[in-house]
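Tertiary structure, described
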Amino acid sequence: MSLESSDSFVPGYETKRWVGGEDDEGLRLDVFLTAHTPEVYSRTYVQSLIRDGHVRVDEVVQDRPSHLVSAGNTIEMTVPPPQETTLEPEPIPLDIVYEDDDLLVINKQRDMVVHPAPGHYSGTLVHAL
């Protein structure tokens, strides 16, 4: 497996390119990309890039995260530039268990994202606070 960066097939985005090796044979595409990115991308983020058409396998757009990689495949992933975010308060109800001047204890909902990240630019616990 080798990695190189190049001009993007999506203008303004960076493209990363790999050639699958024998050890990569049979890996899911999302697992391959998550394991081979030098940056820390979550598997969910990589899956969204795949579904949004930002990944090509042998120059064909691949939109299935479950696609299996073969040795010798050329895999290209375009990564959009970071999105500027601002923290604007949002009226999100919270289940406050305890609060004083120094401490806040919250019974956070299981599906609530804690802080802004790719794919979650609003509706987070940080926005609620």
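Summarised in this report is the structure supplied together with it. None of the values given here were measured: they were computed from a predicted structure. (Residues numbered from 1 in each chain as written. Predicted model: local features only at pLDDT ≥ 70, side-chain atom pairs only at ≥ 80, totals over all residues. Heavy atoms only, no water.)

Notes on the overall build of the protein chain
Helix and strand counts for the protein chain come out as three helices and seven strands. Secondary structure of the protein chain in N-to-C order comes out as β-β-α-α-β-β-β-β-β-α. Burial status across the protein chain gives 30% buried among its 129 residues. Excluding contacts between residues fewer than 6 apart, the proportion of contacts in the protein chain whose partners are at least 24 apart in sequence is 50%. (Helix = DSSP H or I, 4+ residues; strand = E, 2+ residues; numbered from the N terminus. Buried < 20%, exposed > 50% of the residue type's maximum accessible area, 1.4 Å probe, protein only. Contact = heavy atoms within 4.5 Å.)

Let's talk about the packing of helix H1 (residues 29-36) against helix H2 (residues 43-51)
Where H1 contacts H2, the two axes come as close as 9 Å, and the packing angle between them is 120°. By the angle between their axes, H1 is oblique relative to H2. Judged by the twist between their axes, the crossing of H1 over H2 is right-handed. Where H1 abuts H2, its residues Leu29, Asp30, Val31, Leu33 and Thr34 lie against Arg43, Val46, Gln47 and Ile50. Classifying every residue of the contact of H1 with H2 gives five nonpolar, two polar and two charged. (Axes fitted to C-alpha atoms, helices over the stretch in contact; angles between N-to-C directions. Parallel < 35°, antiparallel > 145°, perpendicular 65-115°, else oblique. Left-handed = near helix turned anticlockwise from the far one by under 90°. Nonpolar A, V, L, I, M, F, W, Y, C, P; charged D, E, K, R; others polar.)

A short note on the pattern of salt bridges
The full count for this structure, using the stated rule, is five salt bridges. Between Glu14 and Lys16 there is a salt bridge, with the nearest N and O atoms lying 3.1 Å from each other. When the shortest N-O distance is used, the salt bridge between Arg28 and Asp30 registers 3.0 Å. Among the ionic contacts, a cluster of salt bridges with common partners joins Arg17, Arg56 and Glu76. (Salt bridge = Lys/Arg side-chain N within 4 Å of Asp/Glu carboxyl O.)

Some details on unusual backbone geometry
Within the chain, Asp58 stands out as a residue other than glycine whose phi angle is a positive 50°. Taking the relative accessible area as the measure of exposure, Asp58 reaches 40% and is therefore partly exposed. Positive phi outside glycine occurs at Glu59, with the angle close to 70°. Among the secondary structure elements, Glu59 is positioned in the loop between strand S3 (55-57) and strand S4 (60-61).

Observations concerning the packing of aromatic side chains
Taken as a whole, this structure holds two aromatic pairs when the rule is applied. Look at Tyr41 and Tyr45: their rings are 5.6 Å apart centre to centre, the planes differ by 45°, and that puts the pair in the tilted class. Take Tyr41 and Tyr45: they sit in the same class, and that class is buried. (Phe/Tyr/Trp six-rings, centres within 6.5 Å; stacked < 30°, edge-to-face > 60°.)

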